[in-house]
Amino acid sequence: QKEVEQNSGPLSVPEGAIASLNCTYSDRVSQSFFWYRQYSGKSPELIMSIYSNGDKEDGRFTAQLNKASQYVSLLIRDSQPSDSATYLCAAYSGGGADGLTFGKGTHLIIQP
Amino acid sequence: DTAVSQTPKYLVTQMGNDKSIKCEQNLGHDTMYWYKQDSKKFLKIMFSYNNKELIINETVPNRFSPKSPDKAHLNLHINSLELGDSAVYFCASSRTGGFRYTEAFFGQGTRLTVV
């Protein structure tokens, strides 16, 4: 069974610091990975995707993938109060239209 | 212009009733999905449709039936609603064609409350 694991938190980080969010996945054939941000009462919003081992940077966000360890992470630099949300890690491992397997999310709180 | 839109946003109904949720996407995607998010915020896939064909059905009760009149629309019909069906239901869509195209874009969600 495909599983994506995340620490549910809450993870509390001071404003301006680096927030580090982690995720592991069980299916070794997983090919692509995504980080979604979800504010309370809102829909998930895609913020990063990563397909290859290593780092991928986009503004204040860096996604990291280590397929050997089956590990994905998201770093948020210069954290802002507006970054406070639940962050969902998702993996895709099927062919065709199998959809994404989501973790249960990490609740991030940025303290002003 | 909303990319993935679903209606209604809120739905309150009594046990035993039948209800439908509608979804439309204007992204030109080939695949649409229904996800369910429970009270603990766990997001789990229910169905996906690719070019009007059901691709997967994740052990969802047969009271739930997806209907896709065309690749831009995917509706969800629920019969004999139960208290446990209360959740937020999200419609989503994605391209198809390889692992680099599977990022899903979500609608705003429908909060279903069964009383």
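Structural data are supplied above this passage.
Since we're looking at a predicted model, the values are computed, not measured. (Residues numbered from 1 in each chain as written. Chains lettered and ligands numbered in written order. Predicted model: local features only at pLDDT ≥ 70, side-chain atom pairs only at ≥ 80, totals over all residues. Heavy atoms only, no water.)

All right, on to the interface of chain A and chain B then. The interface is formed by 22 residues belonging to chain A together with 22 residues belonging to chain B. Carbon and sulfur atoms supply 59% of the area buried between chain A and chain B, which totals about 1900 Å² over both sides. Linking chain A with chain B are 0 salt bridges. Linking chain A to chain B there are 4 residue pairs in polar contact (both at pLDDT 80 or more). For the side of chain A that touches chain B, the elements supplying multiple residues, two or more each, are strand S4 (32-38), strand S5 (45-50) and strand S9 (85-92) of chain A. A per-element tally of the side of chain A that touches chain B places S4 of chain A first, with 4 residues. Counted by class, the side of chain A that touches chain B contains 10 nonpolar, 9 polar and 3 charged residues. (Contact = heavy atoms within 4.5 Å. Buried area = accessible area lost by both parts, 1.4 Å probe. Salt bridge = Lys/Arg side-chain N within 4 Å of Asp/Glu carboxyl O. Polar contact = N/O pair within 3.5 Å; in protein donor to acceptor, adjacent residues only side chain to side chain. Helix = DSSP H or I, 4+ residues; strand = E, 2+ residues; numbered from the N terminus. Nonpolar A, V, L, I, M, F, W, Y, C, P; charged D, E, K, R; others polar.)

Here is a general trend for soluble globular proteins: nonpolar side chains tend to be buried in one another's company. Within the largest apolar cluster, 23 residues are counted, with the highest numbers of intra-cluster contacts made by Phe-33, Trp-35, Val-72, Leu-74, Ile-76, Tyr-87 and Leu-108 of chain A. Within the residue set of this core, elements represented by two or more residues are strand S3 (19-25), S4, S5, strand S7 (61-66), strand S8 (71-76), S9 and strand S11 (106-111) of chain A. Excluding residues within four positions of it along the chain, Tyr-87 of chain A makes contact with Gln-6, Leu-21, Trp-35, Tyr-36, Arg-37, Ile-47, Leu-74, Ile-76, Gly-105, Thr-106 and Leu-108 of chain A. Core analysis: the next-biggest nonpolar cluster, separate from the first, contains 20 residues, Leu-11, Met-46, Phe-47 and Leu-81 of chain B among them. (Core = buried A, V, L, I, M, F, W, Y, C linked by side-chain atoms within 4.5 Å. Buried < 20%, exposed > 50% of the residue type's maximum accessible area, 1.4 Å probe, protein only.)

With respect to the helices and strands, the residue Ser-94 of chain B is situated in strand S9 (residues 87-94). Here the side chain of Ser-94 of chain B touches Tyr-33 of chain B through a polar contact of 2.7 Å, side chain to side chain.

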